[in-house]
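Coordinates in review
Listed below, chain by chain, are the residues.
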Amino acid sequence: MRKAALTEAQIRKHLADNLSYLRQAKTPKLSQKAVARILNLPPKTIMNYENANSSPMAYAVLRLAVYYGCTMEELLTKNSKKRKEEYHVNHSQRNLKKLIRAKEDSIADEELFLSAAYQKYQTSLARAVTGRYRYGLQVLLDWDISEQAGVAYTDNYKVHLNAANPITQSFPTRFLRSQSLTGLTGHEVGHLLYSDFTAHAVHLRSLENGSFYPKEPELSLPAYQTALEEIKEVLEEKDKAGCLTLARCAATFQNILEDIHIEDRMCEEFHGTFRQGIELNNLRMSEQIPSIQEQIDKEYQPFSIIANLILSYCRTGNINNPTGYQGDYLDTISDCTDLLDTAMESEKGTDRMLVSNALLALTWNYIQPLIEKTREELENAWRGFRCRCSGRSSRG
C-alpha cells in the first residue's frame, strides 16, 4: 500500500528539523547567518526555513542539499538525525563483526567483552540513540557467574551489563552472544528513553504507604470486587507486611509491562542491530519459561507461576501449556488478558500502573500467602535488630 503524500506543513517541518540538525552537527557549529553567507542566500531564508515559516524554493533547497551532502528528497522528506544515528549504529556493527572474527580463536569471551574497545563500542551505540554525549552515559560490562548475579540494569547515568549472564551465554557463537549483549543495551536504553522512573517510584511508594497511585483500579469483572475490597482494607489499615507485599507484587507486574512496552518501542524506532538483539533475547527467554505443569511439578510458588504466565503471554501472546493443563492458573490468566493487552498497547505509563493495580485484585489469591512470609521476614529482622542493640548495650 502506498504511503500518503506529505502535506506542505509536513514538508516544512521535515526541512526545518533537518536544516537545524545538519547546521548544528557541523564542526564547528555554524550560525544561520554563516550558512546564508556561504550559500549566498538571504539570512531570512535560512531563518524562515528552520522555523518552518515559509515554503521551500527549489533553487535554495538544491544549494542546501549540495552543501550538506544529501539529496533534495532526503532534505524535504526524511529524518536526517535518525538516518545518521542508524548509519552510526550499523557502521559500528560492521567494525565489530571484523573485530570478533579476527579475535574468535585467540581470546575468551570474558577478555573480549570486558575490553575497553568493546565497552566503548556498546557506549557508542547507547549514545547514538539517546544523544547523551554531554551527560557521560556509559555502558559498563562485568563478568559475574554467581547464581545471584543479575543480567542488566541502568541507574539513569550508566548501563550495567553482566556479559556472563545465562541468556547471553546460551548462544552458540560469539557473534550471537555479542548481539545478545547489544539487545540488553537496547533494552536499558529503552528505559532511559521511554520510562518514567519517578512515576514508577511514586506508584510503589504509595502502595507501601497504604494507597493506590495514580488511582484505585476499576474492575469490569464482578468476581474480583471482593478481592479489591480486601486489598483496600489492608491499605487502609496500613498493615506493613500487607502493604510491602502488594508493592513488591505490583513491582513485578510493572516491570513486565514496562519491559515489553519499551522493547516494542525500541524495535519500532531502531530496526537494525538493537531490534535484532532484543528479538534474539526475547526468543531465548520465551523458550526458557517452563510450562504450567512443569512449574507445578517443581513446586514453584503460586505467585511465581502466575507472574511467569503473565510474562509468557506478554512476550509471545501464548501460554506454554503442552500438557493441556486446565485449572485455576489458566482461568486467572484468561481473566487478565484484556488488561494486559490494554497495558501493552497504551503509550501512557500511568495506564500500565493502573493495570498493575488491577492485577493485584485478579491475583489476590496468590498474593495472600506471601503476606505472612513478609510478616515473618519483618519480625525476624526486628528481632535481629533488638539482639544487636542489646549486644552493644551489654558491651557498653
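The preceding data block contains the structure.
Everything in this summary refers to the structure shown in the same document. (Residues numbered from 1 in each chain as written. Predicted model: local features only at pLDDT ≥ 70, side-chain atom pairs only at ≥ 80, totals over all residues. Heavy atoms only, no water.)

As for the pattern of salt bridges
Spelled out, the test is: Within this document, salt bridges are pairs made up of a side-chain nitrogen of Lys or Arg and a carboxyl oxygen of Asp or Glu, the two lying within 4 Å of each other. Put simply, DSSP H or I for four residues or longer makes a helix, DSSP E for two residues or longer makes a strand, and each gets a number counted from the N terminus. A simple rule labels every residue: compare its accessible area, found with a 1.4 Å probe on the protein chains alone, to the largest value its type can have, and call it buried under 20%, exposed over 50%, or partly exposed in between.
Inspection of the entire model under this criterion finds 17 salt bridges. With its nearest N and O atoms 2.9 Å apart, the salt bridge here joins Glu 347 to Arg 265. Of this pair, Glu 347 sits in the loop between helix H17 (328-345) and helix H18 (349-362) while Arg 265 sits in helix H13 (residues 240-269), and the two are 82 residues apart along the sequence. By relative accessible area, which is 53% here, Glu 347 ends up exposed. Take Arg 265: its relative accessible area is 21%, and that puts it in the partly exposed class. Here the salt bridges share partners, and the residues they tie into one network are Asp 109, Arg 174 and Arg 177.

Things to note about the pairing of strand E3 (residues 158-162)
Our working rule: Here, any two strands with at least 2 DSSP bridges between them count as paired.
Two strands pair when backbone bridges link them, and strand E1 (residues 138-142) and E3 are joined in this way by 5 bridges, in the parallel orientation. Looking across to E3, one finds that Leu 141 is bridged to Leu 161. Where strand E2 (residues 152-154) folds back onto E3 in an antiparallel hairpin, the turn is made up of 3 residues, including Asn 156, whose phi is positive at roughly 80°.

Remarks on helix H16 (residues 302-316)
So the rule is basically this: Each residue after the first adds 1.5 Å to the expected span of a helix.
Along its 15 residues, H16 runs 21 Å from first to last C-alpha, staying within 8% of the 21 Å computed at 1.5 Å per residue. Restricting attention to buried positions, one finds in H16 the residues Phe 303, Ile 305, Ile 306, Ala 307, Leu 309, Ile 310, Ser 312, Tyr 313, Cys 314 and Arg 315. One or two residues past the end of H16 sits Gly 317, with phi positive at roughly 80°.

Points about the packing of aromatic side chains
Note the threshold: Think of it this way: a Phe, Tyr or Trp ring, Trp meaning its six-membered ring, pairs with another when their centres are within 6.5 Å, and the plane angle makes it stacked under 30 degrees, edge-to-face over 60, tilted otherwise. As a reminder, the over-ring test applies to NZ of lysine and CZ of arginine, requiring each to be within 6 Å of the ring centre and within 35 degrees of the ring normal.
All told, the structure shown has 6 aromatic pairs when counted by the stated rule. Ring centres of Phe 270 and Phe 274 lie 6.5 Å apart, and the angle between their planes is 75°; on these two criteria the pair is classed as edge-to-face. Ring plane angle 40° and centroid distance 6.3 Å describe the contact between Tyr 325 and Tyr 329, whose orientation is recorded as tilted. Classification of Tyr 325 as buried rests on a relative accessible area of 13%. In this structure Tyr 329 comes out as buried when scored by relative accessible area, which is 12%. Sitting over the face of the ring of Tyr 194, Arg 265 holds its NZ or CZ atom 4.0 Å from the ring centroid.

Looking at a negative patch on the surface
Stated precisely, the cut-off is as follows: Think of a patch as exposed residues, more than 30% relative accessible area, with no salt bridge, where like charges cluster within 9 Å and nonpolar side chains (Val, Leu, Ile, Met, Phe, Trp, Tyr) cluster within 5 Å. Working definition of accessibility: Shrake-Rupley area with a 1.4 Å probe, residue cover restricted to the visible protein chains. The charged-residue count follows a simple rule in which Lys and Arg add positive charge and Asp and Glu add negative charge, with His and chain termini not counted at all. Lys charges are placed at NZ, Arg charges at CZ, Asp charges at CG and Glu charges at CD.
Together, Glu 230, Glu 233, Glu 236 and Glu 237 make up a region of like negative charge exposed at the surface. Relative to the elements of secondary structure, Glu 236 occurs in helix H12 (residues 225-237). Among the residues examined, Glu 236 registers a relative accessible area of 62% and is labelled exposed.

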